[in-house]
Amino acid sequence: MMLSDCLRYLWAAPATVVGLAPAALACAFGATVRVTDGVLEVAGARSDRLRRFGRSSRRRGGGRFVAITFGHVVIGQSHAVLDELRAHEHEHVRQYERWGVLFFAAYLGSSAAQWWCGRDPYRDNRFERQARAAE
Ligand SMILES: [Zn+2]
């Protein structure tokens, strides 16, 4: 691992730590862990409880939980779903590498700005538009 890689992981680490709690919870409910391109992918929990987490998540069918990214942790409904959404969620990983823990505030700020302008706070969020462009 190069120094620049270490710094990217270190800079995103506070967000990654935030993601480890729901990831551990998911594992307690039967989820399994894979590592893809240096990202921890957690999926397959047999519980609906994690669906409450909405931030930076990919939604379909009226807000149904599908996947969410915290730093270098991606939590999804199934590994099949994560295979399908990898380009999108890994773009969020790169956003965390750029913004670090500031990403939470930046993401919410972008949602608030879109809402203020009468647009959709999720779909029109600049980070979501960027992630969709990466698909
Ligand atoms: Zn997204």
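In the block above lies the structure referred to throughout.
Keep in mind that what you see is a predicted model, and the values were worked out from it rather than measured.

(A) Spatial organisation of the side chain of asparagine 125. With respect to the element layout, asparagine 125 can be found in the loop between helix H3 (102-116) and helix H4 (126-133). Within the structure, the side chain of asparagine 125 is placed 3.0 Å from the backbone oxygen of tyrosine 107, a separation counted as a polar contact. Among the polar contacts listed, one links the side chain of asparagine 125 to the side chain of serine 111, at a separation of 2.9 Å.

(B) Spatial organisation of the coordination of the zinc ion. Around the zinc ion, the protein contributes the donor atoms His88 (NE2), His92 (NE2), Glu128 (OE) and Glu128 (OE), at 2.0 to 2.8 Å from the metal centre. Seen from the zinc ion, its four donor atoms lie at angles of 51 to 152°, and the figure they make is irregular. Counting gaps between the donor residues of the zinc ion yields the pattern H-x3-H-x35-E. With a gap of four residues between them, histidine 88 and histidine 92 both fall in helix H2 (residues 79-99), about one helical turn apart.

(C) Summary view of the packing of aromatic side chains. Scanning the entire structure with this criterion turns up eight aromatic pairs. Taking the centre distance of 6.4 Å and the plane angle of 50° together, the rings of phenylalanine 70 and phenylalanine 104 count as tilted. In this pair, phenylalanine 70 sits in strand S4 (residues 64-70) while phenylalanine 104 sits in helix H3, placing the two residues 34 residues apart along the sequence. For the pair shown, phenylalanine 70 and phenylalanine 104 are each scored as buried. Their ring planes at 50° and their centres at 6.5 Å tell us that tryptophan 115 and tryptophan 116 sit as a pair that is tilted. Given a relative accessible area of 58%, tryptophan 115 falls into the exposed group. In this structure tryptophan 116 comes out as exposed when scored by relative accessible area, which is 72%. A cation over a ring is seen here: arginine 126 above phenylalanine 127, with NZ or CZ 4.9 Å from the ring centre.

What counts, and at which threshold
Residues numbered from 1 in each chain as written. Predicted model: local features only at pLDDT ≥ 70, side-chain atom pairs only at ≥ 80, totals over all residues. Heavy atoms only, no water. Helix = DSSP H or I, 4+ residues; strand = E, 2+ residues; numbered from the N terminus. Polar contact = N/O pair within 3.5 Å; in protein donor to acceptor, adjacent residues only side chain to side chain. Donors = N, O, S within 2.8 Å, 3.2 Å for Na, K, Ca; no water. Tetrahedral: all angles 85-135°; square planar, octahedral: opposite > 155°, others 65-115°. Phe/Tyr/Trp six-rings, centres within 6.5 Å; stacked < 30°, edge-to-face > 60°. Buried < 20%, exposed > 50% of the residue type's maximum accessible area, 1.4 Å probe, protein only. Lys NZ or Arg CZ within 6 Å of the ring centre and 35° of its normal.

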